[in-house]
Every structure is written in C-alpha cells, then in structure tokens.
Amino acid sequence: QVQLVESGGGLLQVGVSLRLSCAASGCTSSTHNLGWFSQAPGKEREFVAAISWGGGGQYYADSVKGRCTISRDNAKNTLALQMNSLKPEDTAVYYCASDRTVTIWNMSWRAWHYWGQGTQVTVSS
C-alpha cells in the first residue's frame, strides 16, 4: 500500500511561482512512477506531469510545458512540482499519483492506482 500526502497549495496572485510537495510512504513507493494531476471544478481530472521511478524521465502536459518542473527525491520519498508564471486557469485541486506499472506518458487518471487527497491551488487575478 502506498500513501500520498500533498501540501503547498494556497491562494496566489497571477504570475507568481508555487512549489507543491507530495510525501510518499509505503514499501514500494521509491520504485513507482509518480505524477501530478489537476482537477478544476466541474471538469475531469487532467494530467499535469509525471516522473519515472528513478527520476531520469519526465513527461509534461502541453499546457504546462516550460512552466512546470517535476522532481523527486527517493531518499526522502518526496515528489515536487514547481509551477512558475501561474495563470487563473491553473486554479484546481492538485493530486499526487503513484503507480508501479503505468508509463509516465499515460495521461489517463484512470490508469494510476494510488492517489493523495489533493491540495487546492487558487490563482487570483
């Protein structure tokens, strides 16, 4: 069993930066691929970024490419998402996801097995 706990969300202004964190625990968390998804009110959960278990591979949604960086520290069992130049359309609940077998370019939230409870990000203009 893998447990994921997100933190770092909040109410922010347009253009600022934000760093989301996810603490992972569980006997196989360091061998799982990890990802970030977002879900805006009334919309389906959407892929943001993913990183391979060793950290050598990253994959981003086109909407955040160049603005976001995903990283992980397996020694600390943490995942991070650095978001720059925040836009109002970034407003959503952000979820950390984990899976042992999914590929990092699998953008379907249904393919990922473990989920955190989410952290709210609100970008105000």
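Computed from a predicted model, the values in this text were never measured in an experiment.

(A) Representation of the pattern of salt bridges. Scanning the model with the defined rule gives 3 salt bridges in all. Residue Arg 110 is joined to Glu 44 by a salt bridge in which the shortest nitrogen-to-oxygen separation is 2.8 Å. Of this pair, Arg 110 sits in the loop between β9 (92-99) and β10 (114-115) while Glu 44 is found in the loop between β4 (33-39) and β5 (46-51), placing the two residues 66 residues apart along the sequence. In this structure, the salt-bridge partner of Asp 90 is Arg 67, at a minimum N-O distance of 2.9 Å. With Asp 90 in the loop between β8 (78-83) and β9 and Arg 67 in the loop between β6 (58-60) and β7 (68-73), this pair connects stretches of sequence that are 23 residues apart. The same class applies to Asp 90 as to Arg 67, namely buried.

(B) Examining the side chain of Ser 38 more closely. With respect to the element layout, Ser 38 can be found in strand β4. Classification of Ser 38 by relative accessible area gives buried; the value is 11%. Apart from the residues lying within four places of it in its own chain, the contact partners of Ser 38 are Glu 44, Arg 45, Glu 46, Val 48, Ala 92, Val 93 and Tyr 94.

(C) Representation of the packing of aromatic side chains in the model. Under the counting rule described, the total for this entry stands at 5 aromatic pairs. When the centroid spacing of 5.7 Å and the interplanar angle of 70 degrees are considered together, the rings of Phe 37 and Trp 112 count as edge-to-face. Here Phe 37 is found in strand β4, whereas its partner Trp 112 is found in the loop between β9 and β10, with 75 residues between them in sequence. Take Phe 37: its relative accessible area is 0%, and that puts it in the buried class. Aromatic side chains Phe 37 and Trp 115 sit 5.0 Å apart centroid to centroid with 65 degrees between the ring planes, which places their arrangement in the edge-to-face category. Taken together, the positions of Phe 37 in strand β4 and Trp 115 in strand β10 put the pair 78 residues apart, joining distant regions of the chain. The aromatic ring of Tyr 95 is capped on one face by Arg 45, whose charged end is 3.7 Å from the ring centroid. The ring of Trp 109 carries Arg 45 above its face, with NZ or CZ at 5.8 Å from the centroid.

(D) Structural view of the state of the cysteines. Under the defined criterion, the tally for this structure stands at 1 disulfide. A disulfide bridge connects Cys 22 with Cys 96, and the sulfur atoms are separated by 2.2 Å. Residues Cys 22 and Cys 96 are joined through a disulfide that is left-handed, its torsion about the S-S bond being -80 degrees. Separated by 74 residues along the polypeptide, Cys 22 in strand β3 (residues 18-25) and Cys 96 in strand β9 bring together distant segments of the chain.

What counts and how
- Residues numbered from 1 in each chain as written.
- Predicted model: local features only at pLDDT ≥ 70, side-chain atom pairs only at ≥ 80, totals over all residues.
- Heavy atoms only, no water.
- Salt bridge = Lys/Arg side-chain N within 4 Å of Asp/Glu carboxyl O.
- Helix = DSSP H or I, 4+ residues; strand = E, 2+ residues; numbered from the N terminus.
- Buried < 20%, exposed > 50% of the residue type's maximum accessible area, 1.4 Å probe, protein only.
- Contact = heavy atoms within 4.5 Å.
- Phe/Tyr/Trp six-rings, centres within 6.5 Å; stacked < 30°, edge-to-face > 60°.
- Lys NZ or Arg CZ within 6 Å of the ring centre and 35° of its normal.
- Disulfide = S-S within 2.5 Å.

In short, the description is geometric, and any link to function would need to be established separately.
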